[in-house]
Amino acid sequence: MDKKTRVTREGIRLYAPEDFAGMHKAGKLAAEILDAMIPLVVPGVTTGELDAAIEKMVVDAGATSATIGYKGYEHASCISINHVVCHGIPSEKKLKDGDILNIDVTVIVDGWYGDTSRMYVAGKLPRKAERLIEVTHEALMRGIEAAKPGNTFGDIGFAIQSFVEQNRMSVVRDFCGHGLGQVFHAPPNVLHYGRPGTGPVLQEGMFFTIEPMVNIGRPETKVLADDWTAVTRDKSLSAQFEHSIGITETGSEVFTLSPADRFHPTYG
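A brief report on the enclosed structure follows. Everything numeric in this text was worked out from a predicted model, so none of it was measured.

Concerning the nonpolar core
At step 1: Ranked by internal contacts, the top residues of the largest apolar core, which has 35 residues, are Ile-156, Phe-208 and Ile-210.
At step 2: Those elements that place two or more of their residues in this core are strand 7 (112–121), helix 3 (127–145), helix 4 (153–166), strand 11 (207–210) and strand 16 (243–247).
At step 3: If one sorts the elements of this core by residue count, helix 3 sits on top with seven residues.
At step 4: With near-sequence residues (within four places) excluded, Ile-210 lies in contact with Leu-140, Gly-143, Ile-144, Ile-156, Ile-160, Val-190, His-192, Phe-241, Glu-242, His-243 and Ile-245.
At step 5: The next biggest cluster of nonpolar side chains, apart from the first, holds 34 residues, and it includes Met-37, Val-107, Tyr-113 and Phe-184.

Regarding the packing of aromatic side chains
At step 1: The full count for this structure, using the stated rule, is 10 aromatic pairs.
At step 2: Taking the centre distance of 4.4 Å and the plane angle of 5° together, the rings of Tyr-15 and Phe-207 count as stacked. Taken as a pair, Tyr-15 in the loop between strand 2 (13–14) and helix 1 (20–37) and Phe-207 in strand 11 lie far apart in primary sequence, 192 residues in all. Judged on exposure class, the residue Tyr-15 and its partner Phe-207 are both buried.
At step 3: For the ring pair Phe-207 and Phe-255, a centre distance of 5.2 Å and an interplane angle of 80° mean the geometry is edge-to-face. On the criterion of sequence distance, the pair formed by Phe-207 in strand 11 and Phe-255 in the segment after strand 17 (252–254) is long-range, its members being 48 residues apart.
At step 4: Relative accessible area serves as the criterion here: at 2%, Phe-207 is assigned to the buried category.
At step 5: Phe-255 gets classed as buried once you look at its relative accessible area, which sits at 2%.

Quick word on the state of the cysteines
At step 1: Going through the model one piece at a time under the given rule, you end up with zero disulfides.
At step 2: Cys-86 takes part in no disulfide bond, and the closest cysteine sulfur, belonging to Cys-78, lies 7.8 Å away.
At step 3: Just so you know, Cys-176 is unpaired, no disulfide at all, and the nearest cysteine sulfur is the one on Cys-86, 10 Å from it.

Details of the pattern of salt bridges
At step 1: In this structure the tally under the stated criterion is 10 salt bridges.
At step 2: Between Asp-110 and Lys-25 there is a salt bridge, and its shortest N-O distance comes to 3.1 Å. Here Lys-25 lies in helix 1 and Asp-110 lies in the loop between strand 6 (100–109) and strand 7, a separation of 85 residues in the sequence.

Structural notes on the pairing of strand 7
At step 1: In terms of residue burial, strand 7 counts as a mostly covered element, since 10 of its 10 residues are buried.
At step 2: The alternating pattern of strand 7 places Trp-112, Gly-114, Thr-116, Arg-118 and Tyr-120 and Tyr-113, Asp-115, Ser-117, Met-119 and Val-121 on opposite faces, both of which are buried.
At step 3: Judged from the 10 bridges that link them, strand 6 and strand 7 form a sheet pairing that is antiparallel. What sits directly across from Val-107, in strand 7, is Gly-114.
At step 4: Count of turn residues in the strand 6/strand 7 antiparallel hairpin: two residues, of which Asp-110 carries a positive phi of about 50°.

Cut-offs used in this document
- Residues numbered from 1 in each chain as written.
- Predicted model: local features only at pLDDT ≥ 70, side-chain atom pairs only at ≥ 80, totals over all residues.
- Heavy atoms only, no water.
- Core = buried A, V, L, I, M, F, W, Y, C linked by side-chain atoms within 4.5 Å.
- Buried < 20%, exposed > 50% of the residue type's maximum accessible area, 1.4 Å probe, protein only.
- Helix = DSSP H or I, 4+ residues; strand = E, 2+ residues; numbered from the N terminus.
- Contact = heavy atoms within 4.5 Å.
- Phe/Tyr/Trp six-rings, centres within 6.5 Å; stacked < 30°, edge-to-face > 60°.
- Disulfide = S-S within 2.5 Å.
- Salt bridge = Lys/Arg side-chain N within 4 Å of Asp/Glu carboxyl O.
- Pairing = 2+ DSSP bridges.

The structure is reproduced here in structure tokens:
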């Protein structure tokens, strides 16, 4: 690390104000790719076809996929359907009418990482799934609202957990958000549950993801034999939304806003 790099006692890097521009550029590309996926998510399409379209967009933009080659992973996205919580592997599986899915993309642009995911629906959205998506999206927004200097990471987790549980759903505890910037994963671990006032204090220049996974049923998950795909143990539906953000002097900036304002599948 260069002499100008500042790191908290918890090992969290504090980026400089000029670094926000690089994160906005990377985040914008990742969000544009997810916007472009909206008309492609239809019954009958395979998740492998969706991933191929994502990989082509990354290459055409002159960027790099952060996931291809990461710990042996071979795809430009993770696509998680219905009871798959996260890290679903693209395949020849065809989407059915009413399927809900999360598409997660991370790109590298000029050395900066843009990481985001959102929910989609193939065909008609079932009412139960719609409510799950609404709660998960609102939970993320409440987590981001709590992300400001002087608050703690426990405040973020509490904002998410308390809202989800008020709606009689559960927050996954086995996976969390993470620091990023010029690396894919770095401190801190951003838990989506917690107690107010606990954990590291948020400071200007922190870059990290908030990416709550919410289950209609119980929070427990298990990882399948492929060592990637995580599913709900009770096979209940799961949803996730993810933004990358940076802490500013007064609050936070979201790097992965949807240029088309279509981050939520039923908005716009």
